[in-house]
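Structural overview for review
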Amino acid sequence: MKFSAILFCGVAAFSAFAAPAFSKDWTKATITLEGAYAPWNLTNADGTLGGFEPELAKVLCERAKIECTLVASDWDGMIPALNAGKFDVIMDALSITEERRQVIDFTIPYAATPAAFATAKDSPLANAAGTGATIKMTPGQTGVKEIEALKELFKGKTIGIQAATVYAKFVYDNFGDIAEIREYKTGADRDLDLQNGRIDLGFDDAVYFANAFQAANGALAFTGPEIAGSIWGEGEGLGIRKADTELRDKFNAAIKSALADGTVKTLSMKWFKMDVSPQQ
């Protein structure tokens, strides 16, 4: 993926290939996003980054008094690259999980969203039991009747997932023994195969899919219930190196402020048409 950058806080733009700024007082920081996970983040026609997270990042950086550079990078290499010092913050709908906490730190969550299956609108798998409803699950929970019903329906089918996500783990854990699982580098690649009938189902963040359905001109739709709860961790937060506690604390204060005054709600209504603010 080509890198693109946009600089906030009213200063001149840096090169997207510039090394991250390391500063004890954290007056500068580099934030990475995928730039291809609309409406969370996307790449505009002029190469700049747009979407919910870039707009929220501008607010957070201003409140933290940090001069931020946003760069696009590949999702599957973000955590190793963060720890290697190639940038300072990951902001890419990154779910806060205990597994990831073993290698990086997180801010408090700025969003919390459910996940869901999608299929072709005219597929025999469409409108599975529970479509339109939401269930809550906890990590490792088994025997959920709605999931068992989906396993029976999806037996022998092909499910597409974006690699290295919490959603991939869920699908392998719950459907790996009854379905073929196909991994994709990006959600968009998976969605194209789903729309063209090369796979039967996709599984991903529900607000991501809602946007993808519009791009597919109504050819795709949800099937089965949305899945929410602590199974996805605490929500989506900023990923930060474990050593950078001062940077984490600055962004924590900014996130708390943006949640308290309704900024997160306003931006999520703009981009998602729903409030994704985590429960406080």
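Cut-off values and rules
- Residues numbered from 1 in each chain as written.
- Predicted model: local features only at pLDDT ≥ 70, side-chain atom pairs only at ≥ 80, totals over all residues.
- Heavy atoms only, no water.
- pLDDT = per-residue confidence, 0-100.
- Contact = heavy atoms within 4.5 Å.
- 1 Å grid on protein atoms, 1.4 Å probe; cavity = no way out; pocket = protein on both sides within 12 Å on 5 of 7 lines; lining within 4 Å.
- Points joined across faces, edges and corners; volume = space filled by probe spheres on them.
- Nonpolar A, V, L, I, M, F, W, Y, C, P; charged D, E, K, R; others polar.
- Helix = DSSP H or I, 4+ residues; strand = E, 2+ residues; numbered from the N terminus.
- Buried < 20%, exposed > 50% of the residue type's maximum accessible area, 1.4 Å probe, protein only.
- UniProt positions renumbered as here; feature names shortened; annotations may be inferred.
- Salt bridge = Lys/Arg side-chain N within 4 Å of Asp/Glu carboxyl O.

**A short note on the confidence of the model for the chain**
Averaged over all residues, the pLDDT of the chain equals 91, while 91% of them reach at least 70. Note that residues 1-23 has pLDDT below 50 and, in this model, 63 contacts with residues that lie over four places away or in other chains.

**So, empty space enclosed by the protein**
To find leftover empty space, a probe the size of one water molecule is rolled over the atoms. Counting across every chain of the model gives one cavity of 30 Å³ or more. Looking at the largest cavity, its volume works out to about 120 Å³. In terms of lining, the largest cavity is formed by 14 residues, of which the most central are Tyr-37, Trp-75, Ala-93, Thr-165 and Tyr-167. Class assignment for the residues of the lining of the largest cavity results in five nonpolar, three polar and six charged.

**Details of the environment of Gly-156**
You can see Gly-156 is positioned in the loop between helix H4 (145-154) and strand E11 (158-162). Residue classification places Gly-156 among the exposed positions, given a relative accessible area of 63%. The sequence separation of Gly-156 and Lys-145 amounts to 11 residues, and the corresponding C-alpha distance is 19 Å. Leave out the neighbours within four places in its chain, and Gly-156 touches Ile-178 and Ala-179.

**A few points about the layout of surface pockets**
Of the volumes computed, that of the largest pocket is approximately 580 Å³. For the lining of the largest pocket, the secondary structure elements donating two or more residues are helix H3 (98-101), H4 and helix H5 (166-175). For the lining of the largest pocket, the class distribution of residues is nine nonpolar, nine polar and nine charged. Taken together, 21 residues make up the lining of the second largest pocket; nearest its centre are Ala-112, Thr-113, Ala-228, Gly-229 and Gln-279. Only strand E10 (134-136) and strand E14 (220-228) provide two or more residues apiece to the lining of the second largest pocket. A breakdown of the residues in the lining of the second largest pocket according to their chemical character gives seven nonpolar, nine polar and five charged.

**A closer look at the environment of Ile-108**
Locating Ile-108 in the fold gives a position in the loop between strand E8 (105-106) and strand E9 (115-120). As for Ile-108 and Ala-168, which are separated by 60 residues in sequence, their C-alpha atoms are 23 Å apart.

**A few points about the UniProt feature "domain: Solute-binding protein family 3/N-terminal" (unreviewed entry) in the chain**
This chain's UniProt record puts "domain: Solute-binding protein family 3/N-terminal" (unreviewed entry) on residues 28-275. Annotation note: span residues 28-275, helix share 35%, strand share 23%, distance between end C-alpha atoms 30 Å.

**Let's talk about the pattern of salt bridges**
Inspection of every chain in the model, using the stated rule, returns 17 salt bridges. The partner of Lys-155 in a salt bridge is Glu-152, and the shortest N-O contact between them spans 3.6 Å. Of the residues examined, Lys-155 reaches a relative accessible area of 48% and is grouped as partly exposed. Between Arg-241 and Asp-244 there is a salt bridge whose closest N-O contact spans 3.0 Å. For the pair Arg-241 and Asp-244, a shared accessibility class is recorded, and that class is buried. In the salt-bridge network here, residues are joined through shared partners; they are Glu-98, Arg-101, Asp-105, Glu-234, Arg-248 and Asp-249.

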